Structure formats: C-alpha cells, structure tokens
Amino acid sequence: MNLRSLIAGISLGILAGLWVMPGQAQEPSVDEIIHKANHMALYQGADGKGKVSLVITDKEGRIRNREFNMLRKNQDNVDQDQKYFAYFKAPADVRKMVFMVHKHAALEKDDDRWLYLPSLDLVKRIAAGDKRTSFVGSDFLYEDISGRSPVDDQHELIKTTDKFYVVKNIPKRPESVEFEYYVAYIDKATFIPFKMEFFKKDNRLYRLIEVLKTENISAKKNGKDVVYPTVTSSVARDLENGSSTAMIYSNIKYNVGLSDDLFTERYLRRPPRDVMR
Amino acid sequence: MIMLRILGGRLIPILFIITLLAASQAVAAEKEEASFFDQFSPIEVHGFFEMRAGYRTQNDPHEKDRSVMESRLQVELFTYTDWAEFKYKGDAWLDGIKEGVEYDTREAWVFTRPTSFMDIKIGRQILTWGTGDLVFLNDMFPKDWQSYFIGRDKEYLKAPSDAAKVSFFTEIGNLDLVYTPKFDPDRYITGAYISYWDGRQKNIVGQDHQVVANTPDEWFGDDEFALRIYKNINNYELALYGYHGFWKRPGGETPGGVAIFPRLNVYGASARGQLGHGIGNIEVAYYQSVDDEDGYNPRIHNSEIRYLAGYAQDLAKDFNASLQYYIEHMLDYDAYLDGLSGGRAKDRARHVVTLMLTKLLLNQNLELSLASYFSPSDGDAYLRPIAHYKYTDKTILELGANIFWGEESHTFFGQFENNTNVYAAIRYCF
C-alpha cells in the first residue's frame with residue numbers, strides 16, 4: 001500500500017466515521033448528561049478527602065492564599081445529601097478553624113453549618129446564607145464548592161461538539177441568582193464539566209470557571225480497583241472585577257471509610273489527626 | 001508568697017516549653033539513636049506581633065487618658081506523637097497602662113484520645129460552651145471583660161482555665177466533665193484599666209482605688225466542677241449543664257469591704273437549631289447562691305434565674321445579624337429588700353437586648369462589625385463597633401471603639417461611661 005492510498009483510506013475512514021456518527025443515536029438525554037455531570041463534580045466514591053489550595057489574584061495582581069484539608073462523605077447512593085469538613089491551614093488568621101456542613105439537597109431544607117474558632121474554643125452555628133456568596137473571599141462561590149442542585153435550573157442541550165455536550169442552564173428562580181443563565185461544557189467521555197460560562201443580561205459573559213487539569217485517582221471499591229477521573233486544577237475568573245482564583249486539589253483519596261462520627265461536634269472541636277496534617 | 005505564686009503560675013508552662021524545645025532539639029540532632037523525642041512531629045511555630053493603642057474620648061479622673069497601649073508578641077508551638085497532641089500558646093507584651101512587661105500563658109495542654117469514646121485534655125486551656133452570642137449563662141469558664149472593654153482582640157474575652165477536661169461520647173448522649181483544681185475567677189474589672197462604680201464609696205473609682213479581693217485559692221479545696229450533657233437530634237443541639245464552684249466575679253463582700261467569691265451552683269439547659277432561614281437558641285440557668293440561700297444577706301448575691309433567647313440570620317449577601325434577649329431575674333427579692341440597710345436597691349430583673357451585626361466587604365477582606373448591648377431596665381448601653389481589614393494574608397489593621405452610656409452611674413454599663421474609648425491596631429502574623 002502506498003502513501004497515497006493510505007491517506008485516502010484514512011480520509012475515507014474519517015468520512016465513514018462522520019457518516020456513521022448520527023446513526024449511532026446513542027446520545028444521552030440532557031437530564032442524563034446533567035445527572036452524570038453532577039455526580040462527577042461532587043459525588044464520586046462513597047467518601048473522599050484531599051488538600052485544597054486557593055490562590056486569589058485581584059486585578060492589581062495582589063495575591064492571597066487559602067489552604068484547607070477537606071473531608072466529604074455521601075449520605076446516600078442517589079447523589080443527594082452530603083457532609084463536609086474543612087480544616088483551615090492558611091492564612092494565619094483562620095489557621096485551625098474548622099468549617100462543617102451537613103448539606104441537604106432538598107430545596108426546602110437549608111444546609112446545617114458550623115464554624116469552630118479555636119482561640120475562643122467556640123462552636124458557632126452559622127445561619128444558612130446566600131449560596132451565591134464568595135467562598136472564603138475567593139472567586140469561587142459556595143455553590144461552586146458544594147454544588148448547585150440540578151433541579152434549580154432548566155437544562156437545554158444546545159450543541160454537541162466532538163468533545164463536549166454544551167448545555168444551557170436557566171435558573172427556575174431568577175431572582176435568587178445574579179446570572180441570567182450559564183453554559184456548561186461537559187466532557188463527553190468523562191462527563192466532567194470542563195467549562196462553565198455565566199452570562200448576565202444581553203448575553204454578557206461575566207464569570208468563567210475552567211478546568212485546567214484532571215487526574216485519574218485510583219481507589220478500591222468493594223475490594224476492586226477503580227479509577228475516579230478528578231479535577232485537580234481549575235480556575236474561576238470574575239471578568240467584572242478582574243480577579244481570578246486558581247484551585248489546586250491534591251493528596252486525593254476516595255473510599256477511605258470515613259465514619260459519620262467525624263462530622264460531629266467532637267471532631268469539630270478537635271479534628272482527627274490525619275485531617276490536620 | 002508572691003514568688004511562689006508566680007512560680008506556681010509559670011512553672012507548668014516553663015516545663016512545657018522545655019519539653020517542646022527539647023523535642024525540637026532532638027528532631028534536629030542525631031537521628032541514628034532512637035530517643036524519646038523521635039516520636040514528636042516537627043514543631044509548628046506560629047504567632048503574631050501586634051501594636052495596639054487606644055484613648056479615652058473624655059477625661060476620666062481615675063484613669064490614664066490612654067485606654068490601651070501595648071506591643072504584644074504571641075507565640076504558639078504545636079507538636080504531636082502517635083498518642084497525644086501538645087500545644088503551647090503564650091503572650092508577652094509591654095503594657096503602657098500597667099507600665100511594665102506582662103506575660104500570660106494562654107494555653108499549655110496535652111490532648112489524647114485514649115479510646116473511641118473518650119477524649120482527654122489536661123492543662124491550661126480555653127473552654128467555652130453554651131449557645132449565647134457573647135452572652136454566657138451556663139459557661140462558667142473565666143472571662144476577661146477587662147480585655148474586651150479596652151478593645152483587645154475578641155480572643156481575649158476568654159481567659160484560660162487550668163483544668164482537666166474529660167469527654168465521653170455515646171449513642172445516648174455525650175458528656176463533658178471539667179475539673180479545675182483551683183478556682184479560676186473571671187478577670188473582672190478591678191480599676192487597673194477601667195474605672196467602675198464602688199457601691200461602698202457610692203462613687204466611681206479607678207486606679208487609685210483598686211478592688212481588694214479575697215480569692216479562694218486552695219488547690220483541690222477551692223476547686224470547680226463543670227459538666228455538660230449534650231445530644232444532637234436532627235441537628236437540634238440540646239444540652240444540660242451543671243456547675244459547682246464560686247461566683248466568677250466578686251459576688252459579695254465582707255463587712256470590712258473586701259470583695260469575696262461566695263459559693264455558687266448553676267444548673268441549666270439549652271437548645272439550638274434551625275428556625276426558618278436562621279438559627280434560634282434558648283438557654284436557661286439557675287444560679288444557686290449557696291452561701292445566701294434565703295437571700296437575706298445583703299452582702300452576698302441572691303440566687304437568680306437567667307434566661308436567653310436568640311435568633312441569627314443572614315439578611316443579605318455577607319451580612320449577618322443576631323438578636324438576643326437576656327434576663328437576669330433575682331430570686332428572693334423581698335428578702336433582698338428586707339436585708340438591705342439603706343443604699344440603693346437593685347431592680348428585681350435586669351433585661352438586656354443584644355444586637356450583633358457583621359458585614360463583609362472588599363472580597364471579605366474588610367469586616368465591619370457591631371456588637372451592641374442595651375438594657376431597658378438599667379437604662380444603659382454598650383456598643384462595640386470594629387473595622388477589621390486584612391491588608392494582606394499576614395497584615396491586619398483594625399479600628400474600633402468601646403462606647404458606654406448610661407442614665408445613672410451605678411448600672412452595669414453606665415458605670416463605665418468615662419471609659420468610652422477608640423483604638424487602632426496593626427498585627428503581623430507568622
């Protein structure tokens with residue numbers, strides 16, 4: 001076979017592939033896409049832990065750092081309730097503070113949140129706040145961290161590219177959010193949302209979250225080896241005020257067997273040793 | 001005696017630091033020989049340096065014009081082994097009010113988790129429980145209102161206890177037991193930093209006339225015992241409390257005018273949880289003044305019941321408000337009136353409303369907060385506005401004020417009117 005026929009053959013193959021594609025008709029429904037994307041972003045494994053580092057850069061280039069260790073445990077197998085535990089390591093004024101959340105997926109039920117202030121030995125109960133509020137002063141919002149519930153929006157598959165399902169999400173209660181709609185680029189292979197663009201009126205893009213890196217994290221599930229594709233580097237940009245926040249997620253472990261006890265006042269006051277490291 | 005007391009107070013932290021330093025030395029030194037110190041993790045060192053200056057906004061004939069003037073260094077050391085954690089935190093500062101060098105060990109403790117259902121923490125530690133927002137009913141651990149009123153960081157409102165805390169965790173409920181072998185009183189207003197109403201002189205006094213107190217100080221004799229039983233049911237936090245000890249501020253005086261700390265037992269309960277979109281809390285405490293059970297002794301505080309109800313909610317983005325109603329209700333009031341030989345009678349009940357507001361701005365780097373206390377029964381108030389700005393991750397700037405107001409000069413906040421002050425601080429963390 002000479003070079004020319006090889007190229008011809010490849011071209012044909014590609015053409016054939018393109019031809020065959022629509023015929024496969026394996027496209028998942030938009031609800032399925034959203035469901036899987038929600039699972040990938042927040043619910044992989046029965047539990048998980050890792051180190052989170054946030055680097056916040058304002059428009060003048062001034063940098064602030066936030067570091068915390070995080071524990072997460074699912075409360076069910078249907079991607080609903082979860083418990084979170086964050087132990088702060090930096091900056092100095094919040095060091096050793098602990099933030100604990102019992103997240104309730106049901107719309108009518110607010111999350112339960114606690115803060116522990118070690119210098120006062122004070123366990124503070126925090127009123128559930130606006131979830132569209134900055135998380136620890138970064139460009140990520142609470143809702144970016146603990147997840148925006150899929151039932152909060154109407155979803156519309158507006159495009160399918162060779163890599164992404166492009167889904168437009170329109171809030172059901174527009175008065176509760178600052179955006180008009182957002183567009184998510186969901187990876188076809190892994191269902192990880194790779195990019196989210198938030199728009200205000202007149203289709204003005206004002207906020208952006210992008211995944212910069214994913215890694216396959218090995219873990220055990222029921223004695224078998226499994227792999228969880230996980231976002232390890234991402235960035236949130238606020239195009240209105242010119243600031244951005246890079247988030248690095250490291251030392252990730254899944255299915256470590258966290259017990260429910262960890263998410264109680266006992267460990268809020270005195271975190272387990274391996275969370276402090 | 002004074003030497004002994006100083007040694008007694010400082011011996012434990014000194015020994016503690018020596019242990020920690022020895023541990024760090026050992027880590028740094030030869031590693032071939034397995035020594036006792038090898039089991040310690042590398043010591044974490046943190047802390048801050050701070051300068052804080054404040055002035056009274058009016059003349060106080062009994063105190064200096066400056067209300068706070070200090071350069072403070074806080075150092076924190078932490079290490080752990082497989083079986084325990086160790087922490088030291090101490091402050092040393094040049095004090096422009098007392099005109100000398102001061103030192104305070106804030107924490108020096110060992111923590112261990114010997115079984116799955118038990119935690120133990122022994123040593124000097126900060127202890128807090130209860131549901132109030134800067135109001136304490138069942139929390140009988142020492143407070144430092146003096147530091148709070150002159151505008152030190154909120155951290156200093158809590159004074160340390162030299163105690164052992166043992167906690168048990170079970171399905172039925174959890175139990176905290178705190179034993180303090182030697183009474184730890186509040187760091188109450190003595191006149192050293194803040195002028196106050198002296199009921200005996202029927203006048204405001206200050207540095208020239210500091211409180212003379214007879215503080216119970218016998219190890220294992222003048223001890224305190226506190227317990228809390230608590231349980232979380234569907235994230236409603238329920239608790240019962242008990243305390244056996246003394247009034248934490250002078251709760252009486254001898255006929256000769258020496259302040260004393262009469263015996264006190266406290267029994268109470270609290271609940272806290274979601275209410276609407278906010279957090280509601282209620283707490284009640286019965287203060288049994290053991291040395292004056294029937295209330296006829298005018299020189300010893302009567303028994304009281306204290307009530308608290310509060311509600312906190314986010315009102316807007318990064319804007320939180322909490323409102324509380326607090327009552328101190330004197331029992332045996334008639335007996336109190338009978339026993340009173342002239343002089344001014346206190347009201348049967350003291351009512352206090354607190355409103356706390358917190359607003360975050362500039363990417364949460366600027367915190368504007370206001371803690372306010374109003375007493376409709378006493379006709380007095382205390383406001384504590386603060387602007388707290390994180391200039392960088394390590395440098396913090398603060399401006400604040402402590403504003404006291406009262407119709408009369410003998411009420412709880414009214415007596416401090418001449419102490420109204422403004423202050424500024426800069427802190428560098430490491």
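All of these numbers come straight from a predicted model, not from anything done at the bench.

Caption draft 1: Inspection of the overall build of chain A at higher detail. Counting its regular elements, chain A contains five helices and 13 strands. Its C-alpha atoms put chain A at 75 × 50 × 40 Å along the principal axes. Relative to its 277 residues, chain A shows a buried fraction of 51%. Put simply, of all contacts in chain A between residues at least 6 apart along the chain, 45% involve residues at least 24 apart. Accessible surface computed for chain A: about 13,700 Å², of which carbon and sulfur atoms make up 54%. Measuring between centres, the 44 positive side-chain charges of chain A sit 6 Å from its 39 negative side-chain charges.

Caption draft 2: Structural context of the interface of chain A and chain B. Each partner contributes residues to the interface: chain A has 43 residues there, and chain B has 56 residues. Carbon and sulfur atoms supply 40% of the area that chain A and chain B bury against each other, a total of about 4,100 Å² over both sides. Taken together, the links from chain A to chain B amount to eight salt bridges. Of the charged contacts, one joins A:R270 and B:E85 as a salt bridge, the two residues approaching to 2.6 Å between their closest N and O atoms. At the surface where chain A touches chain B, the tally comes to 31 residue pairs in polar contact (both at pLDDT 80 or more). Of all the secondary-structure elements, those providing two or more residues to the side of chain A that touches chain B are β2 (63-74), β5 (112-117), β6 (122-126), α4 (265-269) and α5 (273-276) of chain A. The greatest single-element share of the side of chain A that touches chain B, amounting to five residues, is contributed by β6(A).

Caption draft 3: Molecular detail of a negative patch on the surface. All names here are of chain B. Judged by side-chain charge, D291, E293, D294, D332, D334 and D338 come together as a negatively charged surface patch. Tracing the backbone through its elements, the reader meets D338 in helix α3 (residues 333-339). When its relative accessible area of 57% is taken as the criterion, D338 is described as exposed.

Caption draft 4: Here's a closer look at helix α2 (residues 30-42) of chain A. Residue and element names in this part refer to chain A. With 13 residues, α2 ought to run about 18 Å at 1.5 Å a step, and its terminal C-alpha atoms sit 18 Å apart, in line with that. Along α2, the residues that are buried comprise I33, I34, A37, N38, M40 and L42. Projected down its long axis, α2 carries its buried residues within an arc of 165°, all on one side.

Caption draft 5: Here's a closer look at the pattern of salt bridges. Summed over the entire model, instances satisfying the criterion amount to 58 salt bridges over all chains. The shortest N-O distance in the salt bridge between A:E143 and A:R132 comes to 2.6 Å. Placement of A:E143 in helix α3 (residues 142-146) and of A:R132 in the loop between β6 and α3 is noted, with a sequence separation of eleven residues between them. For the pair A:E143 and A:R132, one class covers both residues: buried. Taking the shortest distance from any N to any O, the salt bridge between A:R148 and A:D153 comes out at 2.8 Å. A single salt-bridge network, built from bridges that share partners, covers A:R95, B:E76, B:K87, B:K89, B:E107 and B:E155.

Caption draft 6: Spatial organisation of a nonpolar patch on the surface. Residues and elements named next belong to chain B. Together, V45, F49, M51, L73, Y391, L397, I426, Y428 and F430 make up an exposed nonpolar region whose accessible area comes to about 800 Å². Every element with two or more residues in the nonpolar patch is listed here: β1 (44-56) and β23 (421-429). In terms of residue count, the dominant contributor to the nonpolar patch is β1 (three residues). Take V45: it is sitting in strand β1. Judged by relative accessible area, V45 falls into the partly exposed class, the value being 45%.

Definitions and limits used
- Residues numbered from 1 in each chain as written.
- Chains lettered and ligands numbered in written order.
- Predicted model: local features only at pLDDT ≥ 70, side-chain atom pairs only at ≥ 80, totals over all residues.
- Heavy atoms only, no water.
- Helix = DSSP H or I, 4+ residues; strand = E, 2+ residues; numbered from the N terminus.
- Buried < 20%, exposed > 50% of the residue type's maximum accessible area, 1.4 Å probe, protein only.
- Contact = heavy atoms within 4.5 Å.
- Areas by Shrake-Rupley, 256 points an atom, 1.4 Å probe, with all protein chains shown as cover.
- Lys, Arg positive; Asp, Glu negative; His and termini not counted.
- Charge placed at Lys NZ, Arg CZ, Asp CG, Glu CD.
- Buried area = accessible area lost by both parts, 1.4 Å probe.
- Salt bridge = Lys/Arg side-chain N within 4 Å of Asp/Glu carboxyl O.
- Polar contact = N/O pair within 3.5 Å; in protein donor to acceptor, adjacent residues only side chain to side chain.
- Patch = residues over 30% accessible without salt bridge, like charges linked within 9 Å, V, L, I, M, F, W, Y side chains within 5 Å.
- Expected span 1.5 Å × (residues − 1).
- Arc of directions from axis to C-beta.

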